[in-house]
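# Observations on the model geometry
Here's the letter readout for the chains.
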Amino acid sequence: MTDRVVVIGGGVAGLSAAFDLHRAGVPVTVLEAGDRWGGKIRTSPVGDRPVDAGPDAFLARVPHGRQLCADLGLEGELTTPVAPVPAYVHHHGALHELPEGTMFGVPTDLDVLRTSRLISADGVARAENDLTLGPSRMDPDPSVGAVCRHRLGDEITDILIDPLLGAINASDIDRLSLAAAAPQLAAALSGHESLIRGMAAFRTNNAALGSRDPNQPVFYGLPGGIARIIDRLVEELADADLRLNQPVASLADLDGAAAIICAVPSFAAGAIIRATADNDDPSNPGNRAADTLDAMAYADVSQVVAELPVRGLSRVLDASGILFPRVGGTVMTACTWLSTKWDHYRRPESVLVRLSSGRYGDDRHRELTDADLTRTVLGELAEVIGPVGEPIATRVVRWQHAFPQYTPGHRDRLADTRRLLAEFDPRMSLIGAPYDGIGVPACIHGGRSAARAVLDR
């Protein structure tokens, strides 16, 4: 390992870091404990075609995903959703189109909300208080739920904000950090005395987010699956030192490494650090950092993807999917209508749907067998749209520790952890979803930033 950078973890964050280091001529070794590359980015078959088993898209409004695709020669193959409607919200037994102009669940036009029939007149009236409420006096890093309930009321928070921000993070929004998980909302409040007006200004400055114009994409996907990014990274690193089935027990295993980029879940990073500290001294900076890393909670999620015959369906959805608020009590948190959302999944005789379940505080999906989970979520879909027929093919994917939970104070705890690690072993950096952002672009950005920092040193 002498004079070599070691990357622990072979997901998109770790591989992105290794890619930039390798291109710069720096010897790099990537150690992955599992038997495949990609972490939670994976493609596997449903019937006779490959379908994303993790994320099926990445954000277009931040450049990191598209830039990596350009560097890998994939930019020309990027595709955008073609669904005419972004999503429906299921509430009180009916489907309601997500009100136009809604930004992360926050309405920016109350007149549109009044005509949507999704929110009651009392709910809209309660939200109007935000316009005259004045500045919020709250904790330095309150929860998303605390802020939105205070400013907009419970109804909009539960029916609009929870199924959007809560589902994106598989979280309970009442324990989800505003600063870490919803920085757009935090910025809107810091610059305006009204959350609605602040998000309206954000919408104006980020036109693509509120637009249904396909020329202003919100997301990008790849035919064949997002895992093609992983495949290309591994190809580009073919003459680097890539090792599968290579868990790291302690930093002592990496003696002589010039730098160590740790791209693994927080609990795995904590175990490596604690094993390296090798003592029971609670004041040791390594042990103190490990304590914080060990304390981070995670949510497990499950996905059922089903190919359904068109002849057995009572309705083919004209939208990218359906959001299910927690207060509705369904096991399913979201239904993505993949074959309406993406042109590369379309077939005339069948549709492809992804039925997601699981979020922090709701582990009912874990108690069900694959067959029972499939039967449950397809039954819930049938209650919403009518009969769905007998599936042609199904696939169940379960992700343990899928979503790290950014609870209030996350950023301060992370800064303290990194300060302690700099004292414990200055070679080590932490990257990936548990730290600086959930989503493919955030993980790519973290990996490439870590590589840049190593190169700068």
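It should be noted that the structure appears before, not after, this text.
Throughout what follows, the structure given in this document is the object of discussion. Each residue is numbered by its place in its chain's sequence as written, counting from 1. The predicted origin of the model limits local features to residues at a pLDDT of at least 70 and limits the giving and counting of side-chain atom pairs to 80 or more, whereas totals for whole chains, interfaces and linings rest on all residues. As a rule here, side-chain values come from all non-hydrogen atoms in the structure, and water together with hydrogens is ignored.

Before going further, it helps to spend a moment on the sheet that holds strand β2 (residues 28-31). At least two DSSP bridges between two strands are required for those strands to pair. Where helices and strands are cited, they refer to DSSP runs of H or I of at least four residues and of E of at least two residues respectively, numbered from the N terminus. On the basis of which strands lie adjacent, the open sheet formed by five strands has the order β9-β2-β1-β10-β16 and parallel pairing. Both outer strands of the open sheet, β9 (241-243) and β16 (428-430), are each paired with one neighbouring strand and no more. With strand direction ignored, the average angle separating the axes of adjacent strands in the sheet is 15°. Pairing geometry for strand β1 (residues 5-8) and strand β10 (residues 259-262), over four bridges, is parallel. Lines are fitted to the C-alpha atoms to define the axes, a helix being fitted only along its stretch in contact, and any angle between axes, read from their N-to-C directions, falls within 0 to 180 degrees.

Phe58, Ile229, Leu233 and Ile261 are the most contacted members of the largest nonpolar core, which has 40 residues in total. Broken down by element, the residue count for this core peaks at seven residues, all from helix α1 (residues 12-23). Here the nonpolar core consists of buried residues drawn from Ala, Val, Leu, Ile, Met, Phe, Trp, Tyr and Cys, with membership extended through side-chain atoms lying within 4.5 Å. Three labels apply to residues, based on accessible area from a 1.4 Å probe with only protein chains included: buried if under 20% of the type maximum, exposed if over 50%, partly exposed otherwise in between. Residues Ile156, Ile159, Ile161 and Tyr406 belong to the second largest nonpolar core, which totals 38 residues.

Let us now look at the packing of aromatic side chains. Stacked, edge-to-face and tilted are the three classes for Phe, Tyr and Trp ring pairs, Trp counted by its six-membered ring, which pair at centre distances within 6.5 Å; planes under 30 degrees apart are stacked, over 60 edge-to-face, the rest tilted. Summed over the entire model, instances satisfying the criterion amount to three aromatic pairs. Between phenylalanine 104 and phenylalanine 202, the aromatic rings sit 5.9 Å apart at their centres with planes inclined by 55°, giving tilted as the arrangement. Here phenylalanine 104, found in the loop between β7 (94-97) and α3 (110-116), pairs with phenylalanine 202, found in helix α9 (residues 195-205); they are 98 residues apart in sequence, far enough to count as distant. With a centroid separation of 5.3 Å and an interplanar angle of 75°, the aromatic rings of phenylalanine 267 and tyrosine 298 are classed as edge-to-face. Placement of phenylalanine 267 in helix α11 (residues 266-277) and of tyrosine 298 in strand β11 (residues 298-309) is noted, with a sequence separation of 31 residues between them. With relative accessibility at 33%, the residue phenylalanine 267 sits in the partly exposed group. Just above the ring of tyrosine 88 sits the side chain of arginine 315; from NZ or CZ to the centre is 5.5 Å. Our definition puts a charge over a ring when NZ of Lys or CZ of Arg is within 6 Å of the ring centre and also within 35 degrees of the ring normal. One cation-aromatic arrangement involves lysine 341 over phenylalanine 219; the distance from NZ or CZ to the ring centre is 5.6 Å.

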